[in-house]
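Each chain, letter by letter, is given below.
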Amino acid sequence: MNAVEKRDFIHSHLHIANESTINEFYEKLRKEEILISKLESRAIKSEADIQSGKVFTRAEIEQRTSNLVR
């Protein structure tokens with residue numbers, strides 16, 4: 001079953017789904033939406049950091065990560 005068929009199936013059965021199923025589906029979609037929003041925000045901030053020159057050299061990153069291991 002492809003994505004379109006699954007969407008049609010879900011849509012046609014929503015009116016008979018019990019409340020716990022609706023709540024579960026709602027929470028899953030809401031969490032996904034929040035995650036996407038956070039990732040987009042992080043990507044925009046990262047791009048701004050790159051454009052403004054707020055970046056680390058490879059040597060700086062290696063030094064910082066080697067300090068974490070100790």
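Residues numbered from 1 in each chain as written. Predicted model: local features only at pLDDT ≥ 70, side-chain atom pairs only at ≥ 80, totals over all residues. Heavy atoms only, no water.

S.K.: Please explain the overall build of the protein as it appears in this structure.
M.R.: Each helix and strand counted, the protein has three helices and zero strands in total. By principal-axis analysis of the C-alpha atoms, the protein measures approximately 60 × 30 × 25 Å. The burial tally for the protein puts 0% of its 70 residues in the buried class. Taken as a whole, the protein presents about 6900 Å² of accessible surface, with 57% of it coming from carbon and sulfur. Computing the positive centroid from 12 side-chain charges and the negative centroid from 12, the protein places the two 9 Å apart. (Helix = DSSP H or I, 4+ residues; strand = E, 2+ residues; numbered from the N terminus. Buried < 20%, exposed > 50% of the residue type's maximum accessible area, 1.4 Å probe, protein only. Areas by Shrake-Rupley, 256 points an atom, 1.4 Å probe, with all protein chains shown as cover. Lys, Arg positive; Asp, Glu negative; His and termini not counted. Charge placed at Lys NZ, Arg CZ, Asp CG, Glu CD.)

S.K.: What should I look at first to understand a nonpolar patch on the surface in this one?
M.R.: A contiguous nonpolar surface patch, about 630 Å² in accessible area, is contributed by Met 1, Phe 9, Ile 10, Leu 14, Ile 22, Phe 25 and Leu 29. Residue assignment for the nonpolar patch shows that the elements contributing at least two residues are helix H1 (3–13) and helix H2 (19–52). A per-element tally of the nonpolar patch places H2 first, with three residues. Mapped onto the secondary structure, Phe 9 falls in helix H1. (Patch = residues over 30% accessible without salt bridge, like charges linked within 9 Å, V, L, I, M, F, W, Y side chains within 5 Å. Salt bridge = Lys/Arg side-chain N within 4 Å of Asp/Glu carboxyl O.)

S.K.: Before we go on, may I ask you to explain the pattern of salt bridges in this structure?
M.R.: Oppositely charged side chains can form a pair if their charged atoms are brought close together. By the definition in use, this model includes three salt bridges. Asp 49 is the salt-bridge partner of Lys 45, the closest N and O atoms lying 3.2 Å from each other. In this pair, Lys 45 and Asp 49 both sit in helix H2, four residues apart, roughly one turn of the helix. When its relative accessible area of 21% is taken as the criterion, Asp 49 is described as partly exposed.

S.K.: Whenever I open this one, H2 confuses me. Can you help?
M.R.: For an α-helix, the turn length of 3.6 residues means that residues three or four places apart are oriented alike. Look at H2: 49 Å from first C-alpha to last across 34 residues, which is about the 50 Å you get at 1.5 Å a residue. Among the residues trailing H2, Gly 53 stands out with phi positive, at a value near 85°. (Expected span 1.5 Å × (residues − 1).)

S.K.: Hey, could you run me through the confidence of the model for the protein in this one?
M.R.: A low pLDDT means the predicted coordinates there should not be read in detail. Here the protein shows a mean pLDDT of 93. Residues at 70 or above account for 97%. Mean pLDDT in the protein bottoms out at helix H3 (residues 58–69), which sits at 86, and peaks at H2, which reaches 96. (pLDDT = per-residue confidence, 0-100.)

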